[in-house]
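# Architecture at a glance
What follows is each chain in one-letter form.
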Amino acid sequence: MAENLPPDNASSSLYSEDLAPVGPQQRTWNTWNYAALWISMSLCIPTYMLASSLIGGGMNWWQAIITIFLGNTIVLIPMILNGRAGAKYGIPFPVLARASFGTKGANLPAMLRAIVACGWFGIQTWIGGFALYQMLHLWIPALGNLPHLPAFLGIETGPAICFLLFWLLNMYVVWLGVDSIRKLLVFKAFFLPLAALALLYWAISHVHGGLGPVLAQPAKFQNSAAFWAFFIPGLTGMVGFWATLSLNIPDFTRYAKSQKAQIKGQALGLPTSMTLFAFIGVVVTSATTIIYGTTVWDPVVLAGRFDSKLLVSIAMIAVAISTLATNIAANIVSPANDFANLAPAKINFRTGGMITGVIGILIFPWKLVADPSGFIFTWLVGYSSLLGPVGGIMIIDYYFIRRQQLSLKDLYDTNGIYRFTDGFNRKAVVSLLLGILPNIPGFLANIHAIDADAFPAWIVQFYSYAWFVGFFVSGGCYALLMRPYRKPHFNKEEIYVTAD
């Protein structure tokens, strides 16, 4: 049987090579491949910023580390649960979502996830572009004195030019295709751990007394109430950091040799690598408070303070290349699949990547990472309120409604059992809206779109638990609404299904 053949009765509007079930010959990823995937994706500038933002928000080093470890351990659960379907049937996230949302309704969770990926693409592109600016500004000081852009953009002209240049480089790589990024990923795998260790050495060596004074930095909270007020949304933000991948992890587990490979690989790779790399961010950020008298939570800004022009230039070029590799691997592949699901016959990887790039600019990423509170409370917690409900619905559907049995043929058939009502499972859509609704007042209050007193305080506080509230409300509503549903029997001899 040839690889990636469409299932019988596959409809052209639901099938493309990018969305096809992965054949047995292509399922080659083992435990190490999944562990390496998470090590590679965890070693990125936003992970460092994730940890340092907690320090900037007032935590001490061990509070930040525990928060990060807990958040990544929690998000590992839906990561593995959603990954099972991909490993069993060889299907990507948008196709799996058809089982719960319908053949057309699957575009709703796919677009929610894709828009978030566009935001991450913009953030990574901003980091790479700002690294270029830090380097060029050393050699061309006039770059910082260019005419100002309109104030509403919230960005200076020099950084904006470098951002656009780096954006064009990303788009060029997308145009060439994913294969062009392989050497950059190898470079990143060697460089970023060495750069992180070098930064750790710099922090320890520049503080009198070494690591001791750094780890002795106290928390800045006045009382326990202030700590919990920051910890809860902080933990939600940590879960939200990988809430995107907890949905579209089937895009990767569809290549697994076995369920054991994807489960062990993710369990070994995600919490450990995130916590270890975050520890470096925590130590270095704490050290900046001692060295400079102020907390420098952005590593690109920190590297720009080094005395040697050559050292800064090398560091910034390396950050840009590493960020480019991460951006294509983590923030282009999945949204390209999601956009392709809108019109499989018309949108391919290249087109989907271009759409991602344009939206990545329009989301104004420099504003999202302008300060620690915006990064956590507005960006991470905000989008977790959208993705948590999707995760709850998909997990309830696959494990409690379908009992881990899907009809592969019907997932690609516009007239199959996943058509529901005109392609939409209205019960899933209602459950999604009910899960998002409780978090809206808190989000609007957080971005100052409404007065915080416009709603009772307990309603606004839901936003601090955004991912958890959405996950359990939508999942519970979906379970109740779908209770009368009885799954049909399918042919269990479908060729793409692998044994657990």
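Below or above, wherever it landed, is the structure these notes cover. (Residues numbered from 1 in each chain as written. Predicted model: local features only at pLDDT ≥ 70, side-chain atom pairs only at ≥ 80, totals over all residues. Heavy atoms only, no water.)

To continue, consider helix 1 (residues 31–42). In this model, helix 1 (12 residues) spans 17 Å end to end at C-alpha, consistent with the 16 Å of a helix rising 1.5 Å per residue. Here helix 1 has its buried residues at Tyr34, Ala35, Leu37, Trp38, Met41 and Ser42. The buried side chains of helix 1 occupy one side of the element, clustering within an arc of 155 degrees when seen end-on. (Helix = DSSP H or I, 4+ residues; strand = E, 2+ residues; numbered from the N terminus. Expected span 1.5 Å × (residues − 1). Buried < 20%, exposed > 50% of the residue type's maximum accessible area, 1.4 Å probe, protein only. Arc of directions from axis to C-beta.)

What follows is about the environment of His137. By the secondary structure assignment, His137 is in helix 5 (residues 107–139). For His137, a relative accessible area of 30% translates into the label partly exposed. Sequence separation of His137 and Pro159 is 22 residues, and the distance between their C-alpha atoms is 9.4 Å. When residues no more than four places from it in sequence are discounted, the contact partners of His137 are Leu143 and Gly144. Engagement of the side chain of His137 in a polar contact is seen with the backbone oxygen of Pro141, the distance being 3.5 Å. (Contact = heavy atoms within 4.5 Å. Polar contact = N/O pair within 3.5 Å; in protein donor to acceptor, adjacent residues only side chain to side chain.)

Attention now moves to the side chain of Ser474. Looking at the element boundaries, Ser474 is found in helix 23 (residues 466–481). The residues touching Ser474, leaving out its near neighbours within four places in the chain, are Pro389, Ile393, Ser431, Leu432 and Gly435.

Before going further, it helps to spend a moment on the environment of Arg27. Turning to its location among the elements, Arg27 is positioned in the segment before helix 1. The exposure class of Arg27 is buried, given its relative accessible area of 6%. In the structure, Arg27 is positioned 227 residues away from Arg254 in sequence and 7.1 Å away in space, judged by C-alpha atoms. A polar atom in the side chain of Arg27 sits 3.0 Å from the backbone oxygen of Val22.

Turning our attention to the pattern of salt bridges. Overall, the coordinates contain 2 salt bridges when judged by the stated rule. Two residues, Asp397 and Arg402, come together in a salt bridge whose shortest N-O distance is 3.2 Å. Here Asp397 falls in the buried class, since its relative accessible area comes to 2%. Among the residues examined, Arg402 registers a relative accessible area of 1% and is labelled buried. (Salt bridge = Lys/Arg side-chain N within 4 Å of Asp/Glu carboxyl O.)

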